[in-house]
Amino acid sequence: MEDPIQLKEEGNKYFQASDYEKALQSYTQAIKLNKDKALQAVLYRNRAACFLKKEEYAKAASDASRAIDINASDIKALYRRSQALEKLGKLDQAFKDAQKCATLEPRNKNFQETLRRLGANIQEKLRIQFSTDSRVQKMFEILLDENSDKEKREKAANNLIVLGREEAGAERIFQNNGVNLLLQLIETKNPELILAAVRTLSGMCTGHKARATAILHYLGIDSICMWMSVDNEEISLAVCNLLQTITDCLLGQGKEEHHGKEEALVLDTKKDLRMITTRLLDMLVSKKVSGQGRDRALNLLNKNIPRKDLKDHDNSRSIFVIDNGLKKILKVVGQIPEMPDCLPLTENTQLTASVLLNKLYDDLRCDPERDNYRLICEEYIKSKIDPQDMDKTLHAIQIVSGVLQGPFDLGNKLLGMKGVMEMMVALCGSEREIDQLVAVEALIHASTKLSRATFIITNGVTLLKEIYKKTKNEKIKIRALVGLCKLGSAGGTDYGLRQFAEGSTEKLAKQCRKWLCNTSIDARTRKWAVEGLSYLTLDADVKDDFVEDEPALKAMFDLAKASDKTILYSVASALVNCTNSYDTKELVPELVQLAKFSKQHVPEEHPKDKKDFVVKRVKRLLKAGVVSALACMVKADSAILTDQSKELIARVFLALCEDPKDRGTIVAQGGGKALIPLAVEGTDVGKIKASHALAKIAAISNPDIAFPGERVYEVVRPLVSLLNTERDGLQNYEALLGLTNFSGRSDKLRLKIIKEKALPDIENYMFENHDQLRQAATECMCNLVVNKEVQERFVADGNDRLKLVVLLCGEDDEKVQVAAAGALAMLTAAQKKLCLKMTEVTTQWLEILQRLCLHDNMEVQHRGLVIAFNLISADKELAKKLVESELLEILTYVGKQEDHPKKQHIISVARDCLSKCMDYELIKPLSQA
C-alpha cells in the first residue's frame with residue numbers, strides 16, 4: 001500500500017511542474033488511503049487548487065468546503081473556495097469567505113484587494129439586477145397594453161426573447177412572476193405575442209432542469225399540447241421546440257449547466273416524462289388536433305422515445321409506448337384521407353407514424369418483446385377485418401400497408417395473416433374506387449422483396465393491368481402504374497433478370513414522366529410518379545431518358561423542395577440510380593466462368609451503366625439544379641428524413657463531387673453546408689460517404705469560401721474520421737489533402753485538428769509504403785509544425801518523430817522531400833533544442849543535409865540551406881562540426897554564385913550561413929585568409 005504523505009509530496013511536485021492532471025491523481029489516491037484528519041484537510045485543499053487551475057470551479061468549491069468542514073479556520077481552503085465561488089457567479093458567498101480570510105490575516109493585501117473587488121462586483125450586479133427587473137416589467141407592460149405602438153411591441157417581444165436566453169435574464173423573468181405574465185401573452189390569441197412568449201419560455205428552460213420542471217408544471221402539459229395542436233405552423237413548431245427543450249432537460253441532455261442549490265435537488269423526471277409521452281400519444285387520435293399538431297407529436301415521439309445508442313440497455317420508454325400507445329399509432333397509420341371520418345392529417349403524418357413504428361420495433365431487445373409487438377398489431381388488424389363492413393376492412397388493409405412502410409419484416413408476417421392477401425386481391429376487383437386505391441397502394445408496398453414480388457407477379461400483374469386499363473380515375477391509374485413499375489424492377493440492376501418484355505419499362509417510365517410534369521394533377525398523385533421512377537431507374541435506358549428530360553427533372557426537384565416530405569426517399573433513390581452510386585459487387589472472372597459452366601445465373605451489366613454514360617448523367621443532373629434540391633431535402637426537420645434517406649443523399653453527393661471541376665458549383669449551390677449534418681448523423685456508410693464528399697471539396701477549395709465562418713471547424717471531425725485503416729486509400733489520401741489545406745489557413749484550425757486527435761494518424765501515414773499517402777501526410781505535418789503544441793511533441797523524449805522527418809528528407813520522392821524539408825526547416829527555426837536533437841537521432845543526418853543543400857530542385861535546396869542556417873545559429877559547437885564537414889564547401893560554392901533573380905533567395909541564405917560562421921570566427925573572410 002502506498003503512503004499518503006508520499007503521494008501528497010508527489011502531487012506537490014506535479015503541481016509545481018504545472019502537471020495538474022497527475023497532481024490530481026496523486027491527491028485523489030492519497031485521499032482514498034489516508035486516515036489522518038489533519039492531512040485529509042490538506043489533501044482536499046490541494047486538490048481544490050488543482051481543480052481551480054483546471055477551471056472546474058464547482059469541484060474546487062466542493063473540495064475546499066470539505067477541508068473547511070475539518071478545519072474551519074483553514075485560510076488557504078477559505079480563499080480557494082472564495083475564488084471558486086466567484087467564478088461560479090456566487091459573489092455574496094465568495095465575499096463572506098474573503099471576509100473571514102481578511103479577519104484571520106488583516107494585513108494580507110491580497111485579501112483586502114479581493115474584498116474590494118468582490119464588493120464592487122456585488123454592487124454592479126445589484127444595479128444590473130434592479131435595472132433588469134424594471135426592464136422586464138416595462139416589457140410586459142408594453143406587450144400587455146393593447147394600445148401600445150406596434151413597433152414598440154415588436155421591439156419589446158424581441159428583447160424579451162433575447163433576455164430569456166441569458167441565464168441572469170431568464171432567472172429575473174422567472175423570479176418576477178414572468179411565467180404568469182407570459183401565460184397572459186399566450187392567452188391574448190395574438191400570434192406574434194404567442195410566438196414571443198413561447199420562444200422566451202424555451203430560452204428560460206434551456207439547460208436548467210429545475211426551472212424547466214417548474215415551467216412544465218405551471219403551464220400544464222395539457223395546455224402545451226393544446227397550443228401545439230393549433231393550425232398555425234409557426235406557433236405549432238415553436239411550442240414543439242419548447243416541449244423538446246423541456247424533454248432534453250428532463251432526460252439530462254443538451255446544454256446542462258450547474259446551478260448551485262439545484263445540484264442538491266433530486267428531481268424525479270420519470271413521472272414527468274411519462275406524463276408528456278401519454279399526452280403526446282393521446283394527441284395522435286384526437287380529432288381536435290390539427291394535422292400539423294399530430295405531426296409535431298409524432299416527431300417528438302420519434303426523437304425522444306427510441307434509444308439513441310443501442311449499447312444502452314434501457315428501452316423502457318419504447319416498451320411503455322408499445323403497451324400504452326401502439327394501437328393509437330396504428331390508428332393513425334390506418335386512416336384513409338378520402339373517408340369522411342378521417343382524422344385531420346398532413347401529407348407527412350402517416351409516413352411519420354410508419355417511421356415511428358419502425359424505430360420502436362428496432363428498439364426491441366429480444367424475441368418475446370417483438371412477439372408482443374406483433375400480437376398487438378395482429379389483434380388490432382383482426383378487430384378491423386369484417387366481411388360485412390367494407391369500410392372497416394379497408395382500414396385493416398391500410399394498417400398493413402403502413403406497417404410495410406415501417407418494420408417491413410413484421411409487415412410481411414401480417415400479410416401472411418388469414419384473409420389479408422385474399423382481401424387485397426378482392427378489393428382490387430371492387431367497383432368502388434376507394435377500395436381499388438387502398439388495395440393498389442397495399443400491393444405496391446407488399447412487393448418489396450424479390451420472393452414476395454414473385455408471388456405477386458403471378459397474382460397481381462393481371463389485376464393491376466386490368467385496373468390500369470379500366471379506371472378513368474387518374475389517382476388509381478398512376479398507382480396501378482407504379483405497382484407495375486415496381487414489379488418490373490424486381491430484378492434490380494441485373495440486365496438479364498428483366499421481368500417485362502423489352503421496351504415495356506421505357507414505356508412505363510415515359511408515362512411516369514408525363515404525369516410528373518403535369519401540374520394540373522395534385523402533388524400527392526404526382527409523387528407516385530416519382531415513386532415509379534425510383535424503381536424504373538434501375539434500368540439504364542430509363543436513367544438515360546430521364547436525365548435528358550430536363551422538365552421532368554426540374555418537376556421532381558420542385559416536389560422535393562415542397563412541404564410534402566414523404567417523397568424524399570423516392571427522389572433520393574431515383575438519384576442514386578441515375579448516378580450509379582449504389583454498391584455493386586465486383587465479379588471475379590473465374591467465378592463467372594464456373595457459374596456459366598454450372599448453368600447458374602450471372603448478373604449482367606447494361607452497356608449504358610459504363611463510366612462515360614454515368615459521367616454524362618451526373619453533368620446533366622448538375623445542370624438541372626440537383627444540388628439545391630438535395631440541400632433542401634437535408635434541411636427537412638422531420639422524422640421522415642430517416643438515416644437510410646440520409647445515406648442515399650450522401651451517396652449522390654459523393655458521385656456529384658467526383659469531377660474536381662464540378663466542386664465549385666456544388667459549393668456555390670449549398671452542397672458544402674448540406675454535407676456537414678450528413679457526415680455527423682446517420683448510418684455508418686452514409687457518414688463515411690458524406691465525409692468523403694467533404695474531403696473532396698476540402699482538398700481543392702478555399703475553406704473560407706467553401707465553409708465560411710465557424711462552419712469550417714465542423715468539417716475537421718468528418719475528415720479525421722477518414723484517417724482510419726478500415727477506410728480505403730483514396731479516402732485516406734483525400735482526407736489528408738483536405739487537412740493539409742485546412743492546416744495551412746490558421747492556428748485555430750491547426751488546434752482543432754490536434755484536438756480531434758488526428759496527429760497520431762497523420763504520423764502513421766508518414767510511415768506508409770504508398771508514395772502518395774506518405775507525401776500527403778508529410779505535407780500535412782509540414783503545415784502543422786507551425787503550431788507550438790506540435791513542436792513540443794517533437795521536443796519530447798522517447799519518440800522517433802524527428803528521426804522520421806530527417807529520414808524523409810533523404811527520400812527519392814521529390815514531393816516528400818519538399819514537405820519533409822519544409823517541416824524540418826520550421827521545427828529547427830522554432831526550437832533550438834531540435835537543432836541539437838537532429839544530430840543525435842540518426843547518423844545519416846549530415847549526409848542528408850548535404851544532399852538537400854545540393855539538390856537540383858530549388859525549393860528543396862532552399863529549405864536545406866535554411867535548415868543549415870538554423871543549425872549554425874543554434875550552437876557554436878554545432879556550427880564548428882558543420883564547418884569541419886563538406887558542408888562548408890557546399891555553402892561556399894552556392895554563396896559565391898553571381899546574383900540571379902530566380903536563385904537569389906538560395907544564394908542569400910548560403911551567404912547568411914557563411915556570415916554566421918565568420919561571426920563565430922570559425923572561418924575568415926577571403927581577404928584575411
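Placed above this text is the structure.
Parameters at a glance
Residues numbered from 1 in each chain as written. Predicted model: local features only at pLDDT ≥ 70, side-chain atom pairs only at ≥ 80, totals over all residues. Heavy atoms only, no water. Helix = DSSP H or I, 4+ residues; strand = E, 2+ residues; numbered from the N terminus. Buried < 20%, exposed > 50% of the residue type's maximum accessible area, 1.4 Å probe, protein only. Salt bridge = Lys/Arg side-chain N within 4 Å of Asp/Glu carboxyl O. Core = buried A, V, L, I, M, F, W, Y, C linked by side-chain atoms within 4.5 Å. Contact = heavy atoms within 4.5 Å. Polar contact = N/O pair within 3.5 Å; in protein donor to acceptor, adjacent residues only side chain to side chain. Axes fitted to C-alpha atoms, helices over the stretch in contact; angles between N-to-C directions. Parallel < 35°, antiparallel > 145°, perpendicular 65-115°, else oblique. Left-handed = near helix turned anticlockwise from the far one by under 90°. Nonpolar A, V, L, I, M, F, W, Y, C, P; charged D, E, K, R; others polar.

1. Let's talk about unusual backbone geometry
Its identity is not glycine, yet Ser18 carries a phi of approximately 65°, on the positive side. For Ser18, the position within the fold is in the loop between α1 (4-16) and α2 (20-33). Judged by its relative accessible area of 46%, Ser18 falls in the partly exposed class. Of note in this structure, Lys757 is not a glycine but carries a positive phi near 60°. Considering the arrangement of structural elements, one finds Lys757 in the loop between α41 (747-755) and α42 (759-765). Look at Lys757 and you get exposed, because its relative accessible area is 64%.

2. Section: the pattern of salt bridges
Summed over all chains, the structure comprises 46 salt bridges. Here Asp367 and Arg370 are joined by a salt bridge, their closest N and O atoms 3.5 Å apart. Of this pair, Asp367 and Arg370 both sit in helix α19 (residues 367-384), 3 residues apart, which is roughly one turn of that helix. For Arg370, a relative accessible area of 24% corresponds to the partly exposed category. Here Glu658 makes a salt bridge to Lys696, at a shortest N to O gap of 3.9 Å. Highlighted residues: Glu658 in the loop between α34 (643-656) and α35 (663-668) and Lys696 in helix α37 (residues 684-700), separated in sequence by 38 residues. Of the residues examined, Lys696 reaches a relative accessible area of 2% and is grouped as buried. Residues joined by salt bridges that share partners form a network here, namely Glu21, Lys54, Glu56 and Lys59.

3. A closer look at the nonpolar core
In this structure, Tyr373, Leu516, Phe653, Leu656, Phe707, Phe742 and Ile762 are the most contacted members of the largest nonpolar core, which totals 260 residues. With sequence-adjacent residues up to four places away left out, Phe707 is seen in contact with Gly672, Ile676, Leu694, Ile697, Ala698, Val712, Val715 and Phe742.

4. Let's talk about the environment of Ala555
When you line up the elements, Ala555 lands in helix α29 (residues 550-561). Taking relative accessible area as the criterion, Ala555 reaches 10% and is therefore assigned buried. With 143 residues separating them in the primary sequence, Ala555 and Ala698 have C-alpha atoms 31 Å apart. If we ignore the near neighbours within four places in the chain, the residues touching Ala555 are Leu516, Cys517 and Arg526.

5. Regarding the side chain of Ser743
By secondary structure assignment, the location of Ser743 is in helix α40 (residues 729-743). One polar contact links the side chain of Ser743 to the main-chain carbonyl oxygen of Thr740, over a distance of 3.0 Å. Each residue touching Ser743, except ones within four places of it in the same chain, is listed here: Arg750, Ile753, Cys780, Asn783 and Leu784.

6. So, the packing of helix α15 (residues 269-284) against helix α16 (residues 291-304)
Where α15 meets α16, the closest approach of the two axes is 9 Å, and the angle between their N-to-C directions is 140°. As far as their axial angle goes, α16 and α15 are oblique. Here α15 runs over α16; the crossing is left-handed. Residues Thr277, Leu280, Leu281, Met283 and Leu284 of α15 touch α16, and the partners they reach there are Gly293, Arg294, Ala297, Leu298, Leu300 and Leu301. Along the lines of polarity and charge, the residues of the contact of α15 with α16 split into 8 nonpolar, 2 polar and 1 charged.

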